[in-house]
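Single-letter residue listing:
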Amino acid sequence: MSKHVLRLCSLVMITLIACATLGLGQEPRPVPLPPPETSGGRPLMQVLKDRQSSRDFSSQKLVPQMLSNLLWAAFGVNRPDSGKRTAASAMNWQEIDIYVATQDGLYIYDAKANALNPVLGQDVRGATGTQSFVKEAAADLVFVADLAKTGRAGGEEQALYTAADTGLIAQNVYLFCASEGLSVVVRGSVDRPALAKVMKLRPNQKIILAQTVGYPKK
Ligand SMILES: Cc1cc2nc3c(=O)[nH]c(=O)nc-3n(C[C@H](O)[C@H](O)[C@H](O)COP(=O)(O)O)c2cc1C
């Protein structure tokens, strides 16, 4: 073997080892969430009494168990036999995806697998809204309608139902937060074209609303 070929082989080997070590060329793996705690919480009537919007957030992260419970309450699978969810959806489309923007990156909630699928490895919280607290709070949820799942619904019906379905999920989040003493506000003030670009959405994905969740400032 010539010197030239030997050098080439060692270069290839070094590159392969570097890629394996750094995890390059591999799909980012789903991040499993702890099983949701589906018992407990405060009584419903007290929670309704306390439900409110708050724009006062600390930067403290949500621990994985809290994030799992929050997402399950929002739109988790509550009837595994049928795959149905904690919020109703028109024609059982289940067309709303919850994207979760945290300090660590952007994820999409996979309700069936109870996991977060990585979408972007960067902090995009600041792009999820026009208000200053969005970049500091623990999590910004972005509700995205997958229009491919809305059957043959036309423009007006599609817009109405995707908005209604998002509202039901957002209210679940409000109630969960009221139960847990978390701050929360649902937001329509979102630069949708800019955020869709940042999130690398497909043309048939539509941002409906965002919702910020986090611990209140002490
Ligand atoms: C569809 C929708 C869009 C909203 N958009 C915003 C928003 O962009 N920014 C914000 O701070 N609050 C937003 N809110 C929260 C409302 O301002 C809030 O719900 C209202 O003032 C009543 O307060 P409460 O939630 O404490 O009852 C929105 C609420 C809804 C339902």
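Residues numbered from 1 in each chain as written. Predicted model: local features only at pLDDT ≥ 70, side-chain atom pairs only at ≥ 80, totals over all residues. Heavy atoms only, no water.

**Q** What is the right way to look at the overall build of the protein in this model?
**A** Looking only at helices and strands, the protein has five helices and nine strands in total. In the protein, 73% of the contacts between residues at least 6 apart in sequence involve partners at least 24 apart. Looking at the protein as shown, the accessible area adds up to about 12,200 Å², and 58% of this sits on carbon and sulfur atoms. (Helix = DSSP H or I, 4+ residues; strand = E, 2+ residues; numbered from the N terminus. Contact = heavy atoms within 4.5 Å. Areas by Shrake-Rupley, 256 points an atom, 1.4 Å probe, with all protein chains shown as cover.)

**Q** Can you help me understand the packing of aromatic side chains in this one?
**A** A ring pair, where both rings are aromatic, is described by two values, the distance of the centres and the angle of the planes. A full pass over the atoms with the stated rule returns two aromatic pairs. Ring geometry for F57 and F133: centres 5.3 Å apart, planes at 35 degrees, overall tilted. Here F57, found in the loop between α2 (44–50) and α3 (64–75), pairs with F133, found in the loop between β6 (115–120) and β7 (139–146); they are 76 residues apart in sequence, far enough to count as distant. For the pair shown, F57 and F133 are each scored as buried. Aromatic pair W93 and Y161: ring centres 5.9 Å apart, planes at 55 degrees, arrangement tilted. Separated by 68 residues along the polypeptide, W93 in the loop between β3 (84–85) and β4 (96–102) and Y161 in helix α4 (residues 155–180) bring together distant segments of the chain. Owing to a relative accessible area of 12%, W93 belongs among the buried residues under this scheme. (Phe/Tyr/Trp six-rings, centres within 6.5 Å; stacked < 30°, edge-to-face > 60°. Buried < 20%, exposed > 50% of the residue type's maximum accessible area, 1.4 Å probe, protein only.)

**Q** Could you clarify how one ought to interpret the site of the ligand in this entry?
**A** Near the ligand you find R51, Q52, S53, R55, Q131, V185, V186, R187, G188 and S189, and these make up its full shell. R51 is positioned with one of its side-chain polar atoms (N or O) 2.6 Å from an oxygen atom of the ligand. In this structure, an oxygen atom belonging to the ligand sits 2.9 Å away from a main-chain N or O atom of S189. Within the shell around the ligand, the residues separate by chemical class into two nonpolar, five polar and three charged. (Near = heavy atom within 4 Å. Polar contact = N/O pair within 3.5 Å; in protein donor to acceptor, adjacent residues only side chain to side chain. Nonpolar A, V, L, I, M, F, W, Y, C, P; charged D, E, K, R; others polar.)

**Q** Would you mind going over the sheet that holds strand β5 (residues 105–110) with me for this structure?
**A** Across a sheet, strands are paired by hydrogen bonds formed along the backbone, either parallel or antiparallel in direction. Spatially, β1-β6-β5-β4-β7-β9-β8 is the arrangement adopted by the seven strands of the open sheet, whose pairing is antiparallel. Two strands in the sheet have a free side with no partner beyond their single neighbour: β1 (31–32) and β8 (183–187). Here β8 runs beside strand β9 (residues 205–214); their pairing, made up of five bridges, is antiparallel. Along β9, the bridge assignment pairs V185 with T212. Sitting on the sheet, α3 is in contact with β4, β5, β6, β7 and β9, with an inclination near 155 degrees to β4. Sheet strands touched by α4: β4, β7, β8 and β9. Its angle to β9, the strand with the most contacts, is close to 10 degrees. (Pairing = 2+ DSSP bridges. Axes fitted to C-alpha atoms, helices over the stretch in contact; angles between N-to-C directions.)

**Q** For this particular structure, what's the right way to read the confidence of the model for the protein?
**A** Do not read the predicted coordinates in detail wherever pLDDT is low. Considering every residue of the protein, the mean pLDDT works out to 92; 88% of them sit at 70 or more. Taken as a whole, residues 16–23 scores under 50 in pLDDT and shows one contact with residues more than four places along the chain or in a different chain. (pLDDT = per-residue confidence, 0-100.)

**Q** When you look at the pairing of β4 in this model, what are you seeing that I'm missing?
**A** The side chains of a regular strand alternate between both faces of the sheet. Within β4, seven of the seven residues are buried, which leaves the element mostly enclosed by the surrounding structure. Alternating residues of β4 divide into I96, I98, V100 and T102 and D97, Y99 and A101, and every residue in both groups is buried. Relative to β7, β4 runs antiparallel, the two being bridged by six bridges. Residue pairing for β7: I98 is matched across the bridge by F143. Note that β4 and β5 share four bridges and pair antiparallel. Bridging across to β5, Y99 finds its partner in I108.

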